[in-house]
Amino acid sequence: MNFPILSAITFIPLIGALFVFLTRSEKDEKNSGAIYISIFTSIVNFFIILFVWYSIDKTTSDFQFIEEYNWISGFIKFKFGIDGISILFILLTAFIIPICIFSCINSVKTRLKEFLIALLVLETFIIGVFCSLDLVIFYLFFEAGLIPMFLIIGIWGGPRKVYSAFKFFLFTLLGSVLMLVAIIAIYWISGTTDITEINQMGIPSEYQYLLWLAFFSSFAVKLPMWPVHTWLPDAHVEAPTAGSVVLAAILLKMGGYGFIRFSVGMFPVASEYFTPLIFSLSVIAVIYTSLIALMQKDMKKLIAYSSVAHMGYVTIGIFTFNKQGIEGSIVQMFSHGLISAALFLSVGVLYDRTHSRLIKTYGGIVNLMPKYSFLFMIFVLGTLGLPGTSGFVGEFLVLVGVFKVNYLVAILSSIGVILAAAYILWLYKRVVFGKMENIQLKRIKDVNLSEAVILGVLSAAVLFFGFYPDPLFQTVNASVDNLINNYNSDIQQNITLNK
Amino acid sequence: MEYAILFLPLIGALLGYIIKVFGDIYSEIVTTLFVSAAAILSIILFYNGIVYEDYGNYKIYQWIASGKFVVNASINIDPLSSIMLVVVSLVSALVHIYSIGYMSHDPDKPRFMCYLSLFTFAMFTLVVSDNFLQLFFGWEGVGLCSYLLIGFWHKKNSANNAAIKAFIVNRIGDFGFAIGIFLIFIFFGTLNYEEVFTLAPNFADTEINFLGLEVNLITVTCLFLFIGAMGKSAQFFLHTWLPDAMEGPTPVSALIHAATMVTAGVFLVVRCSPIFEYSQVALNFVAIVGMITALFAASVAIVQNDIKKIIAYSTCSQLGYMFFAAGVGAYHVAIFHLFTHAFFKALLFLGSGSVIHSLNDEQDVRNMGDLWKKMPVTWFAMVVGTLALTGFPFLSGFYSKDAIIEFAFLKGTNVGYFAAGIGIMTAVLTALYSWRLIFKTFHGKFNNKNLSKSEIHESGLTITIPLLLLVVGSIFSGFLFKEFLIGHDYNNFWRDSILILEKFDHSGIPLWLLVITPFFVTILIPVSFYLYIKKTNVLDGIVLKYKSLYNFLLNKWYFDELYNQIIIKPTKFIGSFFWEKGDIKIIDRLGPDGISKIIKIISNKSSKFQSGYIYDYAFIMLIGLSLLLTFFIFYK
């Protein structure tokens, strides 16, 4: 067996967290040891993952770098492996976490060490989710991710942190319990929880419907879809900046990843059957939450609602079952990871200076913060899907994909593009432009070096993948082809069986 | 060279932004030089195209490839794109020069110049695209630059609002445009112009089921594409952003909202002529929207008092002309008018900018008057621009506008005759509002109370030189290029870049049609002089008599109010409704909050069982025992 690279990238952050834990510190003191260790681990991990991305065979849809250990013999295997789809999410995670760590150094005032530990542990769990090739392992990581996130909101959050943390926990747990039941059921049906084996054998179509619904309930909450999205705005508002960033940029993507890997991959017949449900919920999400975003008074809430709308495109795209739709939604998730992270960081920059998230506090800051305004503009443009930003590529391909399948859904969801322009430009205008009326803003300072670097890197990524999205497409191409082929043959088989 | 033309403005914009640290003047020089170089190269390219037939397609790189959805970024040089390049780069270069003078007092000059250059780049990518997606890229790109430039004076709330309005109204158009692109990709399987255009005849009779309606594929595609064109070119229903866009600095209005960006819609229709030609319904729709806009905008322009808004409505109206030219199938005439219009409309805007500049940002024509001796160059330029716009014989507008009316007439269909009639009526209105502007601004009495007349002086050289160059263009561009662009051998130039299925028969033009418009526009000069200068009370009487009509026109047919009532207010209302009633009242109350409340109630109730008193437990045990006993007695 080769070097267990996947285990390495998964557990390096955990080891880092251990070392952070061992550093000595008083409670509220700035702990430079902890900071250096966590930055070092997360960046090293990022570069290892870049290397994995580079070395992964992009011409095949097979799982690669497979590792297999027996855990509970004969029952649960510890199985890791990645394909073109999962590596993108791992890459995104490894890219966002160091950024979070950088951003929290200045903004987290209490218990910084514990905060860093929570972030690193979270990274382990999230990467574990994307690496798992065994349902039980997947479930473990998927659920374990809740704990650090719950703590991040509950300990470092704002005034209503407890309410939000519990709301977040309740919603997600409700879905997950059903998923656990479904996983157990799968074990009884197929005799294994190994994802590759299940995919080969296929699950009899009569079981698929219920199992699909159980998985759906978990992923729909995570993503989140309408109407189980209401935890997200609250969680975002109360979470500290770095928490919001991880939440929006990565945790939500676990839902989308789940839909691709499990709903479509394992239950194709049920997926086809439930497509109308997904389409209607997603279209509602796109329009409904965009309209709500228009009327928000709190910047973070506005961005949270816009996230829900953008995730609506993701689900629509996945359930078109065609190349443009699925690739579009993967790119959309990737780009939303970059853009939403950047937007929350941008809000964080303002929040650190004035301690207000309300839009009406601001106005006319462009003259005092020109660099900030410039960077913020790029993310605003990404949100509204301007060609040349990564937001456009995903959104447009999703719409192309869904147009093939259903005109009405495509047209209705295109309205979201107009609304996105309205809410985000209006936000920008009220925050950045206009006359400065709040005297407290008179002394506001432009972004400092570390903020400029963070936002600059993100904006470069947004523009790079807008102009040159090819690396993303090449990575997922084979896997998506395989997914669609499997889907189509299963559907064909099912039709002939029924005849 | 093609690459140089495309990327020079972009490099200029970036470089200009970087070197502003050395001083504003450097970024002004760099951006202007780069764009001017692009302009010179474009002219060479245009010349090479004509003389050596030096056209071609140059792929830059593969932009997006997802399955069959393959889109390249490329440079496609053909007659249509080469003439557009000339128009865009020339006007842009002149506007760059002009801006150095016009914006001299502004602290943000480098930013302004960079936006202008960036706009030029976006417009170039739009024009030289060889597929619909790159076109869309440029399309939204120019929209972005327009947004940034309209809102350039970001302290003014009205400017910010106008910028957002422009972007969103354009987005509505783009929404239609995108659907058009989807339709093309789904049915043609490609977005490349050449491939789509070759396939178009095969689909001429294809019917598709679109949202429950049986419709012709080509028709519905064209209509959606045209919605995009309507947004960008400010056609009726989607025109409301253009007058508001005048909040931006005047050079912006000249470049973006007169000469280049707003004509992108016309360009789109002409570029897609190989598709539009197969749908008479779509063409008629284009023609009708064009006619309505031409007449509507002219009628509004006649009563406006803001000098820039008058010209903005005039632009809107002239775009209407171009559209109905395209709608009757005279694509080459549409582009010819686009070409001449770019010169004289940019001239009018820049001229009005010169006036505004000298009057300390006064824009109301009622506060002007008698400026012609003070600003002779501007006056001269504006008069030439007006003559060209109204179609005074032998100036550029004469050739292009009359050609539109003639071709509409020659079309021989009802729509064509109707268009010709509207064209003549609009020409009359055009003459009226244009001369009103000239007379109110430059003649009559000096009406400004804030400024003494002696303070006014002619603008500097950076302003007057572009004006004079545009004067040359406004005078000669029609005369010189007429034969070449719309003459009998027009196909020598246009080749495959436009498709006209039904050739026009030039023999049947009645003489009266040829003379009627020039006659009207000439006779209207003294008439308007009389009305606006000599006997102003005649008009006042008319205004008093038809007060409601006057107000209707003055308020632009109440479009803004209407949209505010039927779109903006309901949208905001629904947004709040969903948020407060949907999310908070329904989902949260029935969802997490409700459940936790119920659980709390249940656990409160059930906790009472654990009272800690032995007699409570004994009592419960007793009840349980008796229940069990009962159960066993009856069921066993």
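The notes below deal with the structure included here. (Residues numbered from 1 in each chain as written. Chains lettered and ligands numbered in written order. Predicted model: local features only at pLDDT ≥ 70, side-chain atom pairs only at ≥ 80, totals over all residues. Heavy atoms only, no water.)

1. Describing helix H9 (residues 205–222) of chain A
Residue and element names in this part refer to chain A.
Here comes step 1: Spanning 18 residues, H9 covers 25 Å between terminal C-alpha atoms, matching the ideal 26 Å at 1.5 Å per step.
Here comes step 2: Phe216 marks the point of greatest bend in H9, at about 25 degrees.
Here comes step 3: Where H9 is buried, its residues meet helix H5 (135–144), helix H6 (146–156), helix H7 (161–190), helix H10 (231–238), helix H11 (241–266) and helix H12 (268–294). (Helix = DSSP H or I, 4+ residues; strand = E, 2+ residues; numbered from the N terminus. Expected span 1.5 Å × (residues − 1). Bend = angle between axes of the 7 residues up to and from the residue. Contact = heavy atoms within 4.5 Å.)

2. Concerning the layout of surface pockets
It is a probe the size of a water molecule, rolled over the atoms, that shows where empty space is left.
Here comes step 1: Of the voids in this model, the second largest pocket is the one considered here, and its volume is about 1200 Å³.
Here comes step 2: What lines the second largest pocket is a set of 41 residues, among which Asn161(B), Ile164(B), Lys165(B), Ile168(B) and Ile568(B) lie closest to the centre.
Here comes step 3: Broken down by secondary-structure element, the contributors of at least two residues to the lining of the second largest pocket are helix H17 (407–432) of chain A together with helix H6 (157–188), helix H9 (241–244), helix H14 (307–327) and helix H24 (559–590) of chain B.
Here comes step 4: Considering only residue class, the lining of the second largest pocket consists of 22 nonpolar, eight polar and 11 charged. (1 Å grid on protein atoms, 1.4 Å probe; cavity = no way out; pocket = protein on both sides within 12 Å on 5 of 7 lines; lining within 4 Å. Points joined across faces, edges and corners; volume = space filled by probe spheres on them. Nonpolar A, V, L, I, M, F, W, Y, C, P; charged D, E, K, R; others polar.)

3. A word on the packing of aromatic side chains
Here comes step 1: For the coordinates displayed, the defined rule picks out 100 aromatic pairs over all chains.
Here comes step 2: Measuring from centroid to centroid gives 6.1 Å for Phe216(A) and Phe259(A), while their planes differ by 50 degrees, and the two rings are tilted. With Phe216(A) in helix H9 and Phe259(A) in helix H11, this pair connects stretches of sequence that are 43 residues apart.
Here comes step 3: Residue Phe259(A) is classed as buried on the basis of its relative accessible area, which comes to 0%.
Here comes step 4: Judged by centre distance (5.7 Å) and plane angle (80 degrees), the rings of Trp63(B) and Phe137(B) are edge-to-face. (Phe/Tyr/Trp six-rings, centres within 6.5 Å; stacked < 30°, edge-to-face > 60°. Buried < 20%, exposed > 50% of the residue type's maximum accessible area, 1.4 Å probe, protein only.)

4. Side note on unusual backbone geometry
Here comes step 1: The residue after Leu223(A), namely Pro224(A), is reached through a cis peptide bond having omega -10 degrees.
Here comes step 2: Its place among the elements puts Pro224(A) in the loop between H9 and H10.
Here comes step 3: In this structure, the amide linkage connecting Trp226(A) to the following residue, Pro227(A), adopts the cis form with an omega of 0 degrees.
Here comes step 4: A positive phi angle is found at Phe321(A), which is not glycine, with a value near 55 degrees.
Here comes step 5: The residue Phe321(A) is located in the loop between helix H13 (299–318) and helix H14 (323–354) in this model.
Here comes step 6: In this structure, Glu53(B) is a non-glycine residue whose phi angle is positive, near 55 degrees.
Here comes step 7: With respect to the helices and strands, the residue Glu53(B) is situated in the loop between helix H2 (24–52) and strand E1 (56–66).

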